[in-house]
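# Observations on the model geometry
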Amino acid sequence: MVAASDTPAPSWFERIRDRWNALVATDEFQRWSAKFPLTRPITMYRSRKLFDIVSGFVYTQTLLACVELDLFEYLAAGARTREEIAQHGGLSIASTERLLNAAVSLRLLLKRRHGRFALGPLGAPLVKNTGVLALIRHHRMAYHDLADPVSLLRQGSDYGTELSRYWSYADAPRPQAIDETRVAAYSEIMAATLPPVAHDVLDAYDLSKHDCLLDVGGGEGVFLSLVGARHRTLQLQLFDLPAVAARARGRLEQSGMGDRSTCHGGNFHADSLPTGADVISLVRVLLDHDDDSVLRLLQRVRAALPRGGVLLIAEALAGAKGAETVGDAYFSFYLMAMGKGRARRASELHQMLQTAGFRRSRELPTRFPIQTGLIVAEV
């Protein structure tokens, strides 16, 4: 039984809203609002929005079908007829028409004259966008895990999801012992989806004022490779699980940065971080971990930085203006299926940084806040 709380009684405004909601819920009001000229546009808009939520899974599967059939790449060369698309995808004419009509309604494709179909405003950006395409394919696991959301909510990390098995470090008792085979799959998708985030960070914060960057949880070294290409005198360090750090070492050497980069293998939940860097980055790292683990990691970062050093935290933030659903809906349920972590508001991270011993922190605007929030903390 849930204990009675000391929550104050509803305000007069809340009581009015409750009465209004009770009125809106009646069949009589809904029929009237759909007819009355002043309320009809609002009623129709909200009906469409609600139907979009109901139909969301069908929309995602339409997108996945287009990706699996390489439809966007195929149409990049120009518009094609229904028959040509059917032959390309190995589908019947009836199935092709069904898919094309759905894709047109979602603005993934456009219908041209003479029965031809071309890329639409939402389909064109996907051509050769390997990161987004990899993410779309990856979400098959998330759709499977969320098929029974109530069971997932009730059982939490005990539910035994595909995502928790895929992100093998999430529930591993000794993450540093994970071998190269287990880290390969998730390292590849992290590498494929990281460049847009990296460019957001590099455009928002000038690293030229620093001498050495340590990227903690740096994966295969994609972020460091992009940093190194833009700042050619900056020394580079990376810290991640031993099997991941080995993959990063190979990438950085192939990028011609082996002489100014060092990759350290370890477990940032248990090991001290390397010293010598005057700026440390945590790029899409904190999301995956609970509050206690995040606070301990921030304390380790603080201990590794010299006075005047800087920490960069880059990840999607809950409550970001115009992107509220990203943190509070998408990441909330995705991370629950993964078995660990949560999206945090900037105010929460500022408080944790203060507790960890940082002198001050601030949020910097980024080009695409829907994917990248950026917090700068100073020692």
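It should be emphasised that the depicted structure is a prediction, and the values quoted were computed from it without experimental measurement.

Turning next to the overall build of the chain. Counting secondary structure elements, the chain contains 17 helices and 10 strands. A principal-axis box enclosing the C-alpha atoms of the chain has dimensions of 70 × 65 × 40 Å. Taken across its 379 residues, the chain has 42% of its residues classed as buried. Taking the contacts inside the chain whose residues are at least 6 apart along the sequence as the reference set, 66% of them involve residues at least 24 apart. Summed over all atoms, the accessible surface of the chain reaches about 20600 Å², with 55% contributed by carbon and sulfur.

Let us now look at the domain arrangement of the chain. Taken as a whole, the chain is organised into domain 1 (25-126) and domain 2 (131-378). Using C-alpha coordinates to define each centre, domain 1 is positioned 34 Å away from domain 2. Between domain 1 and domain 2, the contact holds 9 residues from the first and 6 residues from the second. Its largest share of buried area at the contact with domain 2, domain 1 owes to Leu64, Val67 and Leu126, together 55% of the area lost on that side. Remark: the boundary between domain 1 and domain 2 carries 3 salt bridges.

Right, let's get into the side chain of Thr366. With respect to the helices and strands, the residue Thr366 is situated in the loop between strand E9 (360-364) and strand E10 (373-378). Of note is the side chain of Thr366, whose polar atom sits 2.5 Å from the backbone oxygen of Thr372. Beyond its immediate chain neighbours, meaning those up to four positions away, Thr366 contacts Asp200, Ala204, Thr372 and Leu374.

So, on to unusual backbone geometry. Phi is positive for Asp70, which is not a glycine, with a value near 55 degrees. By relative accessible area, Asp70 is classed as partly exposed at 42%. Of note in this structure, Arg284 is not a glycine but carries a positive phi near 55 degrees. One can find Arg284 in the loop between strand E7 (279-283) and helix H15 (291-304). Overall, the relative accessible area of 17% leaves Arg284 in the buried class.

Turning to the sheet that holds strand E8 (residues 310-315), a few remarks are in order. Read across the sheet, 7 strands follow the order E6-E5-E4-E7-E8-E10-E9 without closing on themselves; strand pairing throughout is mixed. Of all strands in the sheet, those with a lone pairing partner are strand E6 (261-265) and E9, marking the two edges. Within this sheet the neighbouring strands show an average axis-to-axis angle of 20 degrees, counted without direction. Alignment of E8 against E10, held across 6 bridges, turns out to be antiparallel. When the sheet's bridge partners are listed, Leu311 is paired in E10 with Ala377.

This brings us to the packing of aromatic side chains. A complete count under the given rule lists 7 aromatic pairs for this structure. Note on Trp20 and Phe29: the rings are 5.4 Å apart at their centroids and 80 degrees apart in plane angle, and the pair reads as edge-to-face. With relative accessibility at 41%, the residue Trp20 sits in the partly exposed group. Judged by its relative accessible area of 16%, Phe29 is buried. Seen in terms of ring centroids, Tyr330 and Phe331 are 4.9 Å apart; in terms of plane orientation they differ by 75 degrees. Their pairing is edge-to-face. Classification of Phe331 as buried rests on a relative accessible area of 18%. Taken together, the ring pairs in this structure connect Trp20, Phe29, Trp32 and Phe36 into an aromatic cluster.

One open sheet accounts for 3 strands, arranged E1-E3-E2; its pairing is antiparallel. The open sheet has two edge strands with one neighbour each: strand E1 (80-81) and strand E2 (109-111).

Attention shifts here to the UniProt feature "domain: O-methyltransferase dimerisation" (unreviewed entry) in the chain. If you check UniProt for "domain: O-methyltransferase dimerisation" (unreviewed entry), the listed places come out as residues 52-128 in our numbering. Summarising residues 52-128: 55% helix, 12% strand, and an end-to-end C-alpha distance of 28 Å.

Attention now goes to the pattern of salt bridges. According to the stated counting rule, one finds 19 salt bridges in the structure shown. The partner of Asp203 in a salt bridge is Arg230, with the nearest N and O atoms 2.8 Å apart. With a gap of 27 residues between them, Asp203 in helix H12 (residues 195-204) and Arg230 in helix H13 (residues 222-230) connect regions that are remote in the sequence. Arg230 sits in the partly exposed class, given a relative accessible area of 40%.

Calculation criteria
Residues numbered from 1 in each chain as written. Predicted model: local features only at pLDDT ≥ 70, side-chain atom pairs only at ≥ 80, totals over all residues. Heavy atoms only, no water. Helix = DSSP H or I, 4+ residues; strand = E, 2+ residues; numbered from the N terminus. Buried < 20%, exposed > 50% of the residue type's maximum accessible area, 1.4 Å probe, protein only. Contact = heavy atoms within 4.5 Å. Areas by Shrake-Rupley, 256 points an atom, 1.4 Å probe, with all protein chains shown as cover. Domains from an automatic or database assignment. Buried area = accessible area lost by both parts, 1.4 Å probe. Salt bridge = Lys/Arg side-chain N within 4 Å of Asp/Glu carboxyl O. Polar contact = N/O pair within 3.5 Å; in protein donor to acceptor, adjacent residues only side chain to side chain. Pairing = 2+ DSSP bridges. Axes fitted to C-alpha atoms, helices over the stretch in contact; angles between N-to-C directions. Phe/Tyr/Trp six-rings, centres within 6.5 Å; stacked < 30°, edge-to-face > 60°. UniProt positions renumbered as here; feature names shortened; annotations may be inferred.

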